[in-house]
Amino acid sequence: MNTSQNSVFPKGEKAPTDYFTGTAWMNVLVPNDATFNCQVANVTFEPCARTTWHTHSGGQILMVTDGVGYYQELGKTIQVLNKGDVLTVAPHIKHWHGASHTSSFTHVAINPQNGSTDWLEAVSDKEYNDTK
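Residues numbered from 1 in each chain as written. Predicted model: local features only at pLDDT ≥ 70, side-chain atom pairs only at ≥ 80, totals over all residues. Heavy atoms only, no water.

Novice: Would you take a moment to explain the environment of E121 for this structure?
Specialist: For E121, the position within the fold is in the loop between β12 (117–119) and α1 (125–129). In this structure, the C-alpha to C-alpha distance between E121 and T88, residues 33 residues apart in sequence, is 22 Å. In this structure E121 touches T52, W53 and K94, once residues within four positions along its chain are discounted. Within the local environment of E121, its side chain forms a polar contact with the side chain of K94, the two groups lying 2.8 Å apart. (Helix = DSSP H or I, 4+ residues; strand = E, 2+ residues; numbered from the N terminus. Contact = heavy atoms within 4.5 Å. Polar contact = N/O pair within 3.5 Å; in protein donor to acceptor, adjacent residues only side chain to side chain.)

Novice: Would you mind going over the pattern of salt bridges with me for this structure?
Specialist: If the charged atoms of two oppositely charged side chains come close together, the side chains can form a pair. Tallying each qualifying case throughout the model produces three salt bridges. Among the salt bridges present, the one from E121 reaches K94, with a minimum N-O distance of 2.8 Å. Here E121, found in the loop between β12 and α1, pairs with K94, found in the loop between β9 (86–89) and β10 (95–99); they are 27 residues apart in sequence, far enough to count as distant. Relative accessible area serves as the criterion here: at 40%, E121 is assigned to the partly exposed category. (Salt bridge = Lys/Arg side-chain N within 4 Å of Asp/Glu carboxyl O. Buried < 20%, exposed > 50% of the residue type's maximum accessible area, 1.4 Å probe, protein only.)

Novice: I would appreciate a short explanation of the nonpolar core in the present structure.
Specialist: One broad rule of soluble globular proteins: the nonpolar side chains tend to lie buried together. Residues F20, F45, Y71, L81, L87 and F105 are the most contacted members of the largest nonpolar core, which totals 16 residues. Within the second largest apolar cluster, six residues are counted, among which are Y70, I78, V123 and Y128. (Core = buried A, V, L, I, M, F, W, Y, C linked by side-chain atoms within 4.5 Å.)

Novice: Would you take a moment to explain the pairing of β10 for this structure?
Specialist: Two faces belong to every sheet, and in a regular strand the side chains alternate between them. For β10, the buried fraction is high: five of the five residues fall into the buried class. For strand β7 (residues 60–73) and β10, the ladder comprises five bridges, and the chain directions are antiparallel. By the bridge assignment, Q72 is partnered in β10 with W96. (Pairing = 2+ DSSP bridges.)

Bear in mind that shape data such as this cannot, by itself, settle questions of function.
Here it is, written out as structure tokens:
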């Protein structure tokens, strides 16, 4: 099992349980800022941990730095993400992301245009386990 002990960035604080299932940590590296017009955070998930369904008004860029994870847009199949993958999420696309069943998962999340996050319902175990 991947433990993310060699991460470039510290784990930060435990992520809020209102927006995550399982244990995850968030370290805001660059807060929303008028000069840079984005927020950047390092997010680490334990195996099976995941976000709730959500959207970003300014879209999102995910850069996977460790482990194996999943990403899914509403109505589409789950994608497997590996260290080195970069994923762009268009504004207002309903999606979730998190660790695989057997590996922790770490990514740097970039939220352009100081975009807000609209947190929605939890990803059910059935949805999470549907890796078809």
